[in-house]
Amino acid sequence: GAAKRDDVNLDKMPYVTVQFDDGAASGVLASVDEQDYEVDRYWQFQDVHSKAPGAKILFNDGDVFYIVEWPKTLAGVLLDQDGDGHRYILEDTPPPPPLPRGGRGGRAQPPQRQPQSQ
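**Overview of the pairing of strand S1 (residues 15-20)**
Within a regular beta strand, the side chains point alternately toward one face of the sheet and then the other, so they alternate between its two faces.
Then, in step 1: Direction of pairing for S1 relative to strand S2 (residues 23-30): antiparallel, over a ladder of six bridges. Bridging from a neighbouring strand, Tyr-15 pairs with Val-28 of S2.
Then, in step 2: What sits between S1 and S2 in their antiparallel hairpin is a turn of two residues.
Then, in step 3: By the bridge criterion, four bridges tie S1 to strand S6 (residues 85-91) in an arrangement that is antiparallel. Bridge pairing links Val-18 to Tyr-88 in S6.

As C-alpha cells, then:
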C-alpha cells in the first residue's frame, strides 16, 4: 500500500520521477544556489511565477527543472518554469538506469571523457 505522510521522512527521499509528454524522467531534488542565477530557466521561472524557485530537480540527462518548493507529499503534481503541471513520485532509492535509446550502441560516455577533435 501507499505510505502515509506521518511515517515517512520526505527529506530522506531525494530521488524523484517526473512524468512528461514523451515519458518519465528520473532525477535528484536539490536546493537552489547562486550558480542557478546564471541559468535562463531560473529567471523564466521567476517571470512566470512572480517568485524565485524554492528547489530544483537535476535530471540524469543533465537537464534542470525548477519548482516552487520542495515536494511535501510522496506523489502529486509539480509546476515547471513554464507553469505546466507534471505528475511526480518521490523515491528513497535511485531508479534503475534507463534503457539505452536506439542508435547509441552501448553505454554513452560522459562528454568530458571524449577525445578532443583537432
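So, next bit.
**Considerations on the nonpolar core**
Then, in step 1: Counting 12 residues, the largest nonpolar core is built from Met-13, Val-16, Val-18, Leu-29, Ala-55, Ile-57, Phe-59, Phe-65, Ile-67, Leu-78, Tyr-88 and Leu-90.
Then, in step 2: If you tally residues by element for this core, the top one is strand S3 (residues 55-59), at three residues.
Then, in step 3: What Phe-65 contacts, discounting residues up to four positions off in sequence, is Phe-20, Ala-55, Lys-56, Ile-57, Phe-59, Leu-78, Asp-80, Gln-81 and His-86.

**With respect to the pairing of S6**
Then, in step 1: Of the two faces of S6, the one holding His-86, Tyr-88 and Leu-90 is buried and the one holding Gly-85, Arg-87, Ile-89 and Glu-91 is not buried anywhere.
Then, in step 2: Two elements, strand S5 (residues 75-79) and S6, share five bridges in a ladder whose sense is antiparallel. Bridge assignment links Leu-79 to a residue of S6, and that residue is Gly-85.
Then, in step 3: Linkage of S5 to S6, two consecutive antiparallel strands, is achieved through a turn of five residues, within which Gly-83 is found at a positive phi near 90°.

**A few points about unusual backbone geometry**
Then, in step 1: Notably, Ser-50 is not glycine yet its phi reads approximately 60°, a positive angle.
Then, in step 2: Tracing the chain through its elements places Ser-50 in the loop between helix H1 (40-49) and S3.

What counts and what doesn't
Residues numbered from 1 in each chain as written. Predicted model: local features only at pLDDT ≥ 70, side-chain atom pairs only at ≥ 80, totals over all residues. Heavy atoms only, no water. Pairing = 2+ DSSP bridges. Helix = DSSP H or I, 4+ residues; strand = E, 2+ residues; numbered from the N terminus. Core = buried A, V, L, I, M, F, W, Y, C linked by side-chain atoms within 4.5 Å. Buried < 20%, exposed > 50% of the residue type's maximum accessible area, 1.4 Å probe, protein only. Contact = heavy atoms within 4.5 Å.

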